[in-house]
Amino acid sequence: MSQALLTVIGEDRPGIVAAVTQALFTADCSIGDASMMRLGGYFTIMQVIDYPRDLGSVEMALDPAIKRLNLRVHLDPISSVALTADMPNTRVTVYGADHPGIVAGVTGALAAIGFNVIDLESESSGSAERPLYVMVIQGYAPEGVESVRKAVVPLREREGVEIGVHPIEAAVF
Amino acid sequence: MAVLSILTYPDPRLQRKAEPVSVFDDDLHHFVDDLTETMYAGPGGVGIAAPQVDRPQRIVIVDVRPKLGEDCHGLMVLINPELAAWEGMAVGREGCMSVPDFTGNVIRAERIQVQAQDASGRERSYECEGFEARAVQHEMDHLDGFLFLDRLVSRKIDLFRRKNYKK
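Per an unreviewed UniProt entry, chain A is named Amino acid-binding protein, and its organism is Acidithiobacillus ferrivorans.

Peer 1: So what about the interface of chain B and chain A? Which residues, and what values?
Peer 2: Taken together, the contacts link 22 residues of chain B with 17 residues of chain A. With both sides pooled, the region where chain B packs onto chain A buries about 1700 Å², and carbon together with sulfur makes up 55% of that total. For the pair chain B and chain A, the interface holds 1 salt bridge. Measuring nitrogen to oxygen at the nearest pair gives 2.6 Å for the salt bridge that ties Lys67 of chain B to Glu169 of chain A. Taken together, the elements giving at least two residues each to the side of chain B that touches chain A come down to strand S3 (76-96), strand S4 (99-117) and helix H3 (130-143) of chain B. Among the elements that take part in the side of chain B that touches chain A, H3 of chain B stands out by supplying 5 residues, more than any other. Within the side of chain B that touches chain A, the residues separate by chemical class into 7 nonpolar, 6 polar and 9 charged.

Peer 1: Describe the sheet that holds strand S3 (residues 42-51) of chain A, naming the residues involved and giving the relevant values.
Peer 2: Residue and element names in this part refer to chain A. Strand order in the open sheet made by the 4 strands is S2-S3-S1-S4, with antiparallel pairing throughout. Each edge of the sheet is formed by a strand with only one pairing partner; in this case those strands are strand S2 (30-39) and strand S4 (72-78). Along the sheet, successive strands turn relative to each other by an average axial angle of 15°, direction set aside. In terms of strand pairing, strand S1 (residues 2-11) meets S3 through 10 bridges, oriented antiparallel. Paired with Val8 across the bridge in S3 is Ile45. Where helix H1 (residues 16-26) meets the sheet, its contacts fall on S1, S2 and S3, and the angle it forms with S3 comes to roughly 15°. In the packing of helix H2 (residues 55-69) onto the sheet, contacts are made with S1, S3 and S4, and the angle to S4 comes to roughly 160°.

Peer 1: Report on the sheet that holds strand S5 (residues 90-97) of chain A, specifying residues and quantitative values.
Peer 2: Residue and element names in this part refer to chain A. Reading across the sheet, the 4 strands line up as S6-S7-S5-S8 and stay open at both edges, with antiparallel pairing between neighbours. The outermost strands of the open sheet, each flanked by one partner alone, are strand S6 (116-126) and strand S8 (161-167). Each adjacent strand pair in this sheet contributes to an overall mean axis angle of 10°, direction not counted. Relative to strand S7 (residues 131-140), S6 runs antiparallel, the two sharing 10 bridges. Residue pairing in the sheet places Ser124 in a bridge with Tyr133 of S7. Contacts from helix H3 (residues 102-112) reach S5, S6, S7 and S8 within the one sheet, and its direction differs from that of S7 by about 20°.

Peer 1: Can you tell me about the pattern of salt bridges, naming the residues and giving the values?
Peer 2: All names here are of chain B. Going through the model one piece at a time under the given rule, you end up with 19 salt bridges over all chains. The shortest N-O distance in the salt bridge between Asp27 and Arg55 comes to 3.3 Å. On the criterion of sequence distance, the pair formed by Asp27 in helix H1 (residues 26-41) and Arg55 in the loop between strand S1 (47-49) and strand S2 (59-62) is long-range, its members being 28 residues apart. We note a salt bridge from Asp118 to Arg124, for which the minimum N-O separation is 3.1 Å. Note on Asp118: relative accessible area 8%, which makes it buried. A network of salt bridges, in which partner residues are shared, links Glu94, Arg108, Arg134, Asp141 and Arg151.

Peer 1: Tell me what's going on with the packing of aromatic side chains, and back it up with residues and numbers.
Peer 2: Under the definition given, this model contains 2 aromatic pairs over all chains. Where Phe173 of chain A meets Phe131 of chain B, the ring centres are 5.5 Å apart and the plane angle is 45°; that geometry is what we call tilted. Of the two residues, Phe173 of chain A is situated in the segment after strand S9 (170-172) and Phe131 of chain B in helix H3; the pairing between them involves two chains. Neither residue differs from the other here; Phe173 of chain A and Phe131 of chain B are each classed as buried. An angle of 20° between the planes, with centres 6.3 Å apart, marks the rings of Phe102 of chain B and Phe148 of chain B as stacked. Taken together, the residues Phe102 of chain B in strand S4 and Phe148 of chain B in the segment after H3 connect sequence positions 46 residues apart. Overall, the relative accessible area of 39% leaves Phe102 of chain B in the partly exposed class. Judged by relative accessible area, Phe148 of chain B falls into the buried class, the value being 1%. It is Arg55 of chain B that lies over the ring of Phe31 of chain B; its NZ or CZ is 4.1 Å from the centre. Positioned over the ring face of Phe146 of chain B is Arg151 of chain B, at 5.3 Å from the centre of the ring.

Cut-offs and rules
Residues numbered from 1 in each chain as written. Chains lettered and ligands numbered in written order. Predicted model: local features only at pLDDT ≥ 70, side-chain atom pairs only at ≥ 80, totals over all residues. Heavy atoms only, no water. Contact = heavy atoms within 4.5 Å. Buried area = accessible area lost by both parts, 1.4 Å probe. Salt bridge = Lys/Arg side-chain N within 4 Å of Asp/Glu carboxyl O. Helix = DSSP H or I, 4+ residues; strand = E, 2+ residues; numbered from the N terminus. Nonpolar A, V, L, I, M, F, W, Y, C, P; charged D, E, K, R; others polar. Pairing = 2+ DSSP bridges. Axes fitted to C-alpha atoms, helices over the stretch in contact; angles between N-to-C directions. Buried < 20%, exposed > 50% of the residue type's maximum accessible area, 1.4 Å probe, protein only. Phe/Tyr/Trp six-rings, centres within 6.5 Å; stacked < 30°, edge-to-face > 60°. Lys NZ or Arg CZ within 6 Å of the ring centre and 35° of its normal.

Here is the structure:
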């Protein structure tokens, strides 16, 4: 089996996930890590797939779904070994009145302490007059949660946002 | 004493509802000892429930001292446990000896009061919070055939926590 990263984008409507995964199933692919979500008016899929033959046959299997649902699809072969497999140890939650620069400011401060973003989800909501921005970042802080707490202190003032820093500890019971 | 073998998902025996304990005899004492030893031998080592070792009885053992030191109740043998009260909610990442290699976010009450009997049948009541409360709730779920997989929430759910929610 070889691995590829499959990207799918299309105007959101019911049936996209079903059509794409059914096509992959018929092409003998299996699905690994996946992120599927609506962004704006679009539905997006990014997922790791294992495929048995060549990527051409995967594309061929996806073709009817692509045409019927007007999807854009991209396939990148990837090596099967992750370069870094750090588990997230820190969750950073950010919310505040939406304005340009929040993400750049926060992630810049995190990058400066070697923080590796593993997962970032954000959402703009609230009313047009009072837009609210909410972001949740999970990642690995090589110097621990306290280093993240210190790094974000100046941002609260500068960006006028609330920032929470929480350890991610998986408790095995 | 003996370390018992742990059932792992998808073993259907993990989904059975456990029966109340009515006989508090030597057999029960021996089983509680074995279950305790099995818990300490496990990867988490802080909690275990009888159904995990293929004994469908309402028996839970929790000892979070490996995690919290002495700032907890120590070894709790909870037989026929019931949640008498709970408050607050918190998201936390959990794993389980019966679900190897997977962890996920689960919402649990932050503070609980649990009533149970000990190995001799005496009534006990404990108030737990935080990590200890989470462990007790996780183990009590096993008695009703639930795994933390039945309670997974998305990461985003954390957003809905209020800084100061009213009780």
